[in-house]
Amino acid sequence: MNGRGRLLLAVVLTVLVVFTARLMYLQLAMAEEFTARSEQNATQQTPITPLRGRILASDGTVLADDRIAYDLMYRGGEIVDWDRLRSLLGLTGEPRQPNPNDPQEAKNGAVLAWNIPDRLVPAIEERVAGHPNLYLRQRVERTYPTNLAAQTVGYTTQADPERFPGYTVDDLVGVMGIEKSYEKALHGTAGARLVEVDNLGNVVRTTLLWPARSGEDVTLTLDPNVQRLAEDTLKNALQYVNKDRKRVGLPLAKEVHGAIVAVDPSNGDILALASAPTFDENVFTHLPVDAKAVNAVLQDSTNRPLENRAILAYPPASTFKIVTAYTMLEDGFITPSSRFDCGALTRYGGVTFHNWANYDKGPYDVAQGIADSCNTFFWNAAITTPNFAVGWNGFMQDEVDNARLLGYGKPVGVGLPGEESGRVPDLQWVHSQPQYVHGWLPGFTLNTIIGQGDTLATPVQLAQLISTVAEHGLEAKPHLVSKVGDVAVPPQLRHVPGSSWGTLIDGMRLAFTDFPEKYFLGPSVFPDAVSVAGKTGTAQTTRGDNWTHAWFMGFSPVKDPKIAIVVFLEYGGASSYVSVPVARDFLAGYWKLHGVEVHIP
């Protein structure tokens, strides 16, 4: 063999040695790693979605629950025996290929059939077994069987992992109401399984790594019968709203916008928290989504059904006179027997302030001033307070301090996201507002003490106030949740100092024994065993004359209160014509539920 041949042989042998060495390395040294890679390619850890905890009413009525739904899923590609499968499920047309740009479909495939009836599930399971492009998906769907208290209970949506880190696209997450505020308790903990598949993608075996842990049930204080009564009462209020609109020449309403809050004043349990108009929570959770129905709720800027008006802030109007009377009595500016003129108007600083009545009624004491909601009584009393002419005097500061003592200016904390604080204008706030560049004038005080001007309050804040008065200073914070899982949520109680509670109650009772509202809420309708005390309010708004909000807050019976209520009707009209008869209807229904019939003329 010549030199060239030997060189060629050497090169060939060298290459063979290198390849042999590499093959031995891959087969021996890398065998363990390749085995691991092979197993990793054939197995996948997948999460197990936990069942969401239920939301229950106080008597165990289910307000929010889970149901197991089955969908036929399609990964794309050929479907063997599609005609028979299509016929079994009542489908038409050809299967749609999954959309790779949709996170849900990129992960799970396209849905060929939603909500397969339970009776068909075994047959469908048998037909898709071993099929590489089809599988039967089991998912959890949130349901709201009663549709009560929609804004309070809230609803869920499929989670977007970018918006909700730690969630998968198969998880449900609360986006409103109790579903949102108690998400951590309701959601539960995901489990995990190891799924082994063959080269066609068929599941060979699954291994449970750890089980999912269901979320905790959340039990509310809501009484479903009282809640239904509140919602029905709001619907029926349309007749009173439109009767008043005819009286003043306003266009008729198509829907009632408002809220009713009912509370057990002894412990703060919210028995009803109704907001109108309402909506069907199932629209947002039932799949496939009905886009038209969803948009009808989301885009309804006229009725705004997603708003919970029980926790939004509005001018409290004359209901705020209870705060003013408390301040005047407790801080020594007047006594229960002090008398001031309830005239048609009060003049101060060159400005004329008009009472709601256009004639003089003579001198009133504070109980009469409350009962007849006399603006001029409170204005005339305020003008006598020391240094009233300077604007922000000691009385005005006391008014702010006492309003906050009684729960205004901060959320009550009923357990819902989005609860507003309301507003009690203090000096710091005043100095930050351009409209007060010239300072706080005495006329601003006169406006504030009757619940107008810049004062704002929520229906739940009024419910807390009227409950505190009814219980002679025992404040039981209104709350919605009584139990999370098996752990009870104790009531929050405190005592608000004061010696004037009896006088305030006398005034609110006098309104229904000696003044015109007695025909709605007086002894001829509600006998002594279920007697009513309360305060009305008609709030002026930026829309102008007659576009007023109607308020009522009260409790029953007077001597041993079992229920405190607040009625609010947005642009509902005059309280005497609207919120008072609505309160009568609700209280009549409440006492009927408890075996007491009242006479409504």
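In case you missed it, the structure is sitting above this.
As a starting point, this report considers the structure included with it. (Residues numbered from 1 in each chain as written. Predicted model: local features only at pLDDT ≥ 70, side-chain atom pairs only at ≥ 80, totals over all residues. Heavy atoms only, no water.)

**Quick look at the overall build of the protein**
- Helix and strand counts for the protein come out as 22 helices and 23 strands.
- Radius of gyration (C-alpha) of the protein: 34 Å, far over the 25 Å computed for a compact globule of 601 residues.
- For the protein, the spread of C-alpha atoms along the principal axes amounts to about 135 × 60 × 45 Å.
- Evaluated residue by residue, the protein yields a buried proportion of 51% over its 601 residues.
- Taking the intrachain contacts of the protein between residues at least 6 apart in sequence as the baseline, contacts between residues at least 24 apart amount to 69%.
- Counting 51 positive and 64 negative side-chain charges, the protein places the centres of these two groups 4 Å from one another. (Helix = DSSP H or I, 4+ residues; strand = E, 2+ residues; numbered from the N terminus. Rg over C-alpha atoms; globule rule 2.2 N^0.38 Å. Buried < 20%, exposed > 50% of the residue type's maximum accessible area, 1.4 Å probe, protein only. Contact = heavy atoms within 4.5 Å. Lys, Arg positive; Asp, Glu negative; His and termini not counted. Charge placed at Lys NZ, Arg CZ, Asp CG, Glu CD.)

**Considerations on the packing of aromatic side chains**
- This structure, assessed with the given rule, holds 22 aromatic pairs.
- Seen from their ring centres, phenylalanine 279 and phenylalanine 284 are 5.9 Å apart, and the 90 degrees between their planes marks the pair as edge-to-face. One exposure class covers both phenylalanine 279 and phenylalanine 284, and it is buried.
- Measuring from ring centre to ring centre gives 5.0 Å for tyrosine 436 and phenylalanine 444, while their planes differ by 80 degrees; the resulting arrangement is edge-to-face.
- Judged by relative accessible area, which is 9%, tyrosine 436 ranks as buried.
- What makes phenylalanine 444 partly exposed here is its relative accessible area of 27%.
- Each member of the aromatic cluster is reached from another via a ring pair, and the members are Trp392, Trp429, Tyr436, Trp440 and Phe444.
- Its end group placed over the ring of tryptophan 547, arginine 543 keeps NZ or CZ at 4.8 Å from the ring centre. (Phe/Tyr/Trp six-rings, centres within 6.5 Å; stacked < 30°, edge-to-face > 60°. Lys NZ or Arg CZ within 6 Å of the ring centre and 35° of its normal.)

**Notes on the state of the cysteines**
- Here the structure, examined in full by the defined rule, presents one disulfide.
- Shown here is the disulfide that connects cysteine 342 with cysteine 374, its sulfur atoms set 2.1 Å apart. Since a negative S-S torsion denotes a left-handed disulfide, the cysteine 342-cysteine 374 link at about 115 degrees is right-handed. You can see cysteine 342 sitting in the loop between strand 13 (340–341) and strand 14 (345–348) and its partner cysteine 374 sitting in the loop between helix 14 (366–371) and helix 15 (375–383), a full 32 residues away along the chain. Pair check on accessibility: cysteine 342 and cysteine 374 agree, each one buried. (Disulfide = S-S within 2.5 Å.)

**Thoughts on the side chain of threonine 541**
- With respect to the helices and strands, the residue threonine 541 is situated in the loop between strand 21 (533–539) and strand 22 (549–556).
- On the accessibility criterion, threonine 541 (18% relative accessible area) is buried.
- At a separation of 2.5 Å, a polar atom in the side chain of threonine 541 contacts the main-chain carbonyl oxygen of tryptophan 547.
- For threonine 541, the contacting residues outside a window of four places in its chain are Trp547, Thr548, His549 and Tyr571. (Polar contact = N/O pair within 3.5 Å; in protein donor to acceptor, adjacent residues only side chain to side chain.)

**Describing the pairing of strand 15 (residues 351–354)**
- Pairing of strand 14 with strand 15, which is carried by four bridges, proceeds in the antiparallel orientation. When the bridges of strand 15 are listed, tyrosine 348 appears paired with valine 351.
- Hairpin geometry of strand 14 and strand 15 is characterised by an intervening segment of two residues between the two adjacent antiparallel strands and by a positive phi of about 60 degrees at glycine 349. (Pairing = 2+ DSSP bridges.)

**Considering the pattern of salt bridges**
- Scanning the entire structure with this criterion turns up 25 salt bridges.
- Among the salt bridges present, the one from aspartate 71 reaches arginine 137, with a minimum N-O distance of 2.8 Å. Of this pair, aspartate 71 sits in strand 3 (residues 62–74) while arginine 137 is found in strand 5 (residues 134–143), placing the two residues 66 residues apart along the sequence.
- By relative accessible area, aspartate 71 is classed as buried at 0%.
- Since its relative accessible area comes to 12%, arginine 137 is described here as buried. (Salt bridge = Lys/Arg side-chain N within 4 Å of Asp/Glu carboxyl O.)

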